[in-house]
Amino acid sequence: MPRWLRRAIALFFGGVVALVAAFWLLTKLRTLIGMVLVALFLSLAMEPAVDRLARRGWRRGTATLLVLTVVVVLSLGFLAAFGSVVVGQTSELFDHAPRYVRELERFVNDDLGIDWNASGLVRDLRHGRAPIHASSGDIAQGAIDATLTALGFLLQLATVLVFAFYMTADGPRMRRAICSRLPAHRQEMVLDTWEIAIDKTGGYLYSRGIQALVSAMATWLFLFALGVPYSLALGIWVGVVSQFIPTIGTYIAMVLPVLVALVYDPVDALWVLLFLIAYQQFENYLLGPRITKHTMDVHPALAIGTVFAGGLLFGGIGALLALPATAIIQALISAHTVEREVIDAPLTEETDADHPKRLRQLLRWLRREKESSAV
């Protein structure tokens, strides 16, 4: 047997063992890797604000703590607003549950021709007796499981915040430590990549934040004028969910205000739905392009695909971080590759109707020609 064959066989089996070990480590450390990725993106988003404060004389640690505190307070405010809506509507549902059951009984019997007597269920609801009984042991076990889940979530959240704090506060030192092990041309590539990541992530989150604020204010004012309860909380819900849940967040955000309005007045629910649809068109065609034209440039099909891929890999966090990650990768490809001239072919031909920018340039040129000829 030749020596190279033995070496090849050894390398093959060594590679298989290494792949199995790497897969085992990734499986065991999946939660930690997810937390580090979330902390990294949070650090990239906070970096511009922290740098601005540091240039004004703030200590970097103090500036990072201030920015991180603002992020936490805003997140807690959103959770409190959402919680008030859920608690209020749940209480409203339990208070009016007998009436809702009677209306359902009337609809089923009169419109569907089904003979259903809901008197027993209404009696149980009025006397506070649940139709589904659970033993005290099941209730205690459920409470313990819920407490452990909440504690685990709080521990992961605290870990993410600690990682994000140190990644931002010690950002220059961390980058110097990485670059000290690399040659000069590699250092330039690492720093350029880091700068692009900061620019795209910060731009993405800040542009989404502006759109969320405008959406929340507009929705709150409309719901308040219409007399829908919890108008401020519902406005915050629509603003945050529609902007920070990619692709489908708009439709998820519409459901809660429509349901809340439907409980009180079906006509109000229709007006709320029409307003949200109209505002979405305003955001898609007027507000959004003007805010995000310098921050995000991701094709819609690519955005949907990356959102699904991120969700399959890391769940909801992966879906949330998919768009900024895609923008960073796309910007890196554009920065480190050369754009070639495309040959003329039927498959690459664009019409003026398909290219609004070219059409606007042509109209501006015609307007200038007309003004010059008039002079």
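Everything below is about the structure printed above this text.
All figures in this text were calculated on a predicted structure; none of them were measured in a lab. (Residues numbered from 1 in each chain as written. Predicted model: local features only at pLDDT ≥ 70, side-chain atom pairs only at ≥ 80, totals over all residues. Heavy atoms only, no water.)

A. Up close: the overall build of the protein chain. Of regular secondary structure, the protein chain possesses 13 helices and zero strands. Written out in order from the N terminus, the α and β elements of the protein chain read α-α-α-α-α-α-α-α-α-α-α-α-α. The buried share of the protein chain, reckoned over its 375 residues, is 29%. Residue pairs at least 24 apart in sequence account for 64% of intrachain contacts in the protein chain once pairs closer than 6 positions are excluded. For the protein chain, the computed accessible surface area is about 25,500 Å², with 68% contributed by carbon and sulfur atoms. (Helix = DSSP H or I, 4+ residues; strand = E, 2+ residues; numbered from the N terminus. Buried < 20%, exposed > 50% of the residue type's maximum accessible area, 1.4 Å probe, protein only. Contact = heavy atoms within 4.5 Å. Areas by Shrake-Rupley, 256 points an atom, 1.4 Å probe, with all protein chains shown as cover.)

B. Up close: the packing of aromatic side chains. Summed over the entire model, instances satisfying the criterion amount to six aromatic pairs. Measuring from centroid to centroid gives 5.3 Å for Phe165 and Tyr166, while their planes differ by 80°, and the two rings are edge-to-face. Clustering of aromatic rings is evident, with ring pairs tying together Phe222, Phe275, Tyr279 and Phe282. (Phe/Tyr/Trp six-rings, centres within 6.5 Å; stacked < 30°, edge-to-face > 60°.)

C. Just helix H8 (residues 184-226), in detail. A rise of 1.5 Å per residue sets the reference length of H8, with its 43 residues, at 63 Å; its end C-alpha atoms lie 63 Å apart and thus fit the reference within 8%. Looking at the residues trailing H8, positive phi occurs at Gly227, about 85°. (Expected span 1.5 Å × (residues − 1).)

D. Quick look at the pattern of salt bridges. Under the criterion given, the structure shown has three salt bridges. When the shortest N-O distance is used, the salt bridge between Arg60 and Glu47 registers 2.4 Å. On the criterion of sequence distance, the pair formed by Arg60 in helix H3 (residues 60-95) and Glu47 in helix H2 (residues 30-55) is long-range, its members being 13 residues apart. Per residue, the accessibility class of Arg60 equals that of Glu47, and both read buried. (Salt bridge = Lys/Arg side-chain N within 4 Å of Asp/Glu carboxyl O.)

E. Inspection of the environment of Val36 at higher detail. One can find Val36 in helix H2. Classification of Val36 by relative accessible area gives partly exposed; the value is 31%. Beyond its immediate stretch of four places on either side in the chain, Val36 contacts Phe163 and Met167.

F. Geometry of a nonpolar patch on the surface. A surface patch of nonpolar side chains, about 510 Å² in accessible area, is lined by Trp24, Leu25, Leu29, Leu32, Val36 and Phe163. Residue assignment for the nonpolar patch shows that the elements contributing at least two residues are helix H1 (3-28) and H2. Leu32 gets classed as partly exposed once you look at its relative accessible area, which sits at 38%. (Patch = residues over 30% accessible without salt bridge, like charges linked within 9 Å, V, L, I, M, F, W, Y side chains within 5 Å.)

G. The arrangement of the nonpolar core in detail. Within the largest apolar cluster, 19 residues are counted, with the highest numbers of intra-cluster contacts made by Val228, Leu234, Trp237, Val272 and Leu276. Residue assignment for this core shows that the elements contributing at least two residues are helix H9 (231-244), helix H10 (249-264) and helix H11 (266-292). Those residues in contact with Leu276 that lie beyond four places of it in its chain are Thr219, Val238, Met254, Pro257 and Val258. (Core = buried A, V, L, I, M, F, W, Y, C linked by side-chain atoms within 4.5 Å.)

H. Quick look at H2. For H2, with 26 residues, the first-to-last C-alpha span of 37 Å sits near the 38 Å given by 1.5 Å per residue. Along its length, H2 reaches its greatest deviation from straightness, about 40°, at Glu47, and the proline Pro48 lies no more than four positions downstream. Phi turns positive, to about 105°, at Gly57, one or two residues after H2. (Bend = angle between axes of the 7 residues up to and from the residue.)

I. Molecular detail of the packing of helix H7 (residues 171-179) against H8. Contact geometry of H7 with H8 gives a least axis separation of 10 Å together with a crossing angle of 150°. Classified by the angle their axes make, H7 and H8 are roughly antiparallel. Handedness of the H7/H8 crossing: right-handed. Taking contact as the criterion, the partners of Met174, Arg175, Ile178 and Cys179 in H7 are, on H8, Gln187, Val190, Leu191 and Trp194. Considering only residue class, the contact of H7 with H8 consists of six nonpolar, one polar and one charged. (Axes fitted to C-alpha atoms, helices over the stretch in contact; angles between N-to-C directions. Parallel < 35°, antiparallel > 145°, perpendicular 65-115°, else oblique. Left-handed = near helix turned anticlockwise from the far one by under 90°. Nonpolar A, V, L, I, M, F, W, Y, C, P; charged D, E, K, R; others polar.)

J. Structural detail: the environment of Val307. For Val307, the position within the fold is in helix H12 (residues 300-336). Along the sequence, Val307 and Ile245 sit 62 residues apart, while their C-alpha atoms lie 9.5 Å from each other.

K. How the structure looks around a negative patch on the surface. Taken together, the side chains of Glu188, Asp192, Glu195 and Asp199 present a region of like negative charge at the surface. Topologically, Asp199 is positioned in helix H8. (Lys, Arg positive; Asp, Glu negative; His and termini not counted. Charge placed at Lys NZ, Arg CZ, Asp CG, Glu CD.)

L. Highlighting the packing of H8 against H9. Where H8 contacts H9, the two axes come as close as 7 Å, and the packing angle between them is 150°. As the angle between them shows, H8 and H9 are arranged roughly antiparallel. The crossing of H8 and H9 is right-handed. Between H8, through Tyr204, Leu205, Arg208, Gly209, Gln211, Ala212, Ser215, Ala216, Thr219, Trp220, Leu223 and Phe224, and H9, the contact on the second element is made entirely by Ser231, Leu232, Leu234, Gly235, Ile236, Val238, Gly239, Val240, Ser242, Gln243 and Phe244. Classifying every residue of the contact of H8 with H9 gives 13 nonpolar, nine polar and one charged.

M. Region of the structure containing the side chain of Gln243. Secondary-structure assignment places Gln243 in helix H9. The buried category is assigned to Gln243, whose relative accessible area is 1%. Beyond its immediate chain neighbours, meaning those up to four positions away, Gln243 contacts Tyr204, Arg208, Gln211, Ala212 and Glu283.

N. Spotlight on the side chain of Ser231. Tracing the sequence through the fold places Ser231 in helix H9. With a relative accessible area of 9%, Ser231 lands in the buried category. Here the side chain of Ser231 touches Trp220 through a polar contact of 3.5 Å, side chain to side chain. Not counting residues within four places of it along the chain, the set of residues in contact with Ser231 comprises Trp220, Leu223 and Phe224. (Polar contact = N/O pair within 3.5 Å; in protein donor to acceptor, adjacent residues only side chain to side chain.)

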